[in-house]
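Architecture at a glance
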Amino acid sequence: MFFKYIFITISIGIAIYDPHKDHELDTNLVLKKYFTLCDQAMYRAKQAGRNQVSI
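From a predicted model like this one, the values you see are computed outputs, not experimental measurements.

**Quick look at the confidence of the model for the protein chain**
Per-chain confidence: the protein chain averages 89 in pLDDT, with 100% of residues scoring 70 or above. Looking across the protein chain, the model is least confident in strand β2 (residues 52-54), with a mean pLDDT of 90, and most confident in strand β1 (residues 11-13), with 93.

**Side note on a nonpolar patch on the surface**
Side chains of Ile10, Ile12, Ile14, Ile16, Val53 and Ile55 sit close together on the surface and give an oily, nonpolar patch of about 570 Å² of accessible area. By the element assignment, isoleucine 14 lies in the loop between β1 and α1 (27-48). Its relative accessible area of 34% is what places isoleucine 14 among the partly exposed residues.

**Section: the side chain of serine 54**
By the element assignment, serine 54 lies in strand β2. Residue serine 54 is classed as buried on the basis of its relative accessible area of 12%. Sequence-distant contacts of serine 54, that is, excluding residues within four places in its chain, are made with Ile12, Gly13, Ile14, Ala41, Arg44 and Ala45.

Definitions and cut-offs
One numbering rule holds for all chains: residues counted from 1, following each sequence as written. In view of the model being predicted, local features appear only for residues whose pLDDT reaches at least 70, and side-chain atom pairs are presented and counted only at 80 or more, with totals across whole chains, interfaces and linings using the full set of residues. Processing note: side-chain calculations cover all non-hydrogen atoms of the structure and skip hydrogens and water entirely. For every residue, the predictor assigns a confidence score, pLDDT, that lies between 0 and 100. To qualify as a helix, a DSSP run of H or I must reach at least 4 residues; to qualify as a strand, a run of E must reach at least 2; elements of each kind are numbered from the N terminus. Here a patch means residues that are over 30% exposed by relative accessible area and free of salt bridges, tied together within 9 Å if like-charged and within 5 Å if nonpolar (Val, Leu, Ile, Met, Phe, Trp, Tyr). Per-residue and other accessible areas follow the Shrake-Rupley method at a 1.4 Å probe size, with only the shown protein chains counted as cover for residues. The rule for a salt bridge is simple: a side-chain nitrogen of Lys or Arg has to be within 4 Å of a carboxyl oxygen of Asp or Glu. Whether a residue is buried, partly exposed or exposed follows from its accessible area with a 1.4 Å probe, protein chains only, as a fraction of its type maximum: under 20%, in between, or over 50%, in that order. The contact rule is simple, with two residues in contact once any of their heavy atoms fall within 4.5 Å.

Right under this line is the structure:
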């Protein structure tokens, strides 16, 4: 029996939501803002190497 190993790495981008800071924004704008922040953080994590988390 042959075993195949699969190595998985992960990069995570996190954005912290502050309801006091963004309470006046439209919900769609808030979602877009935080998806963008998470995406940017994820790419920073990818650039930092394998198995990284960026905030």
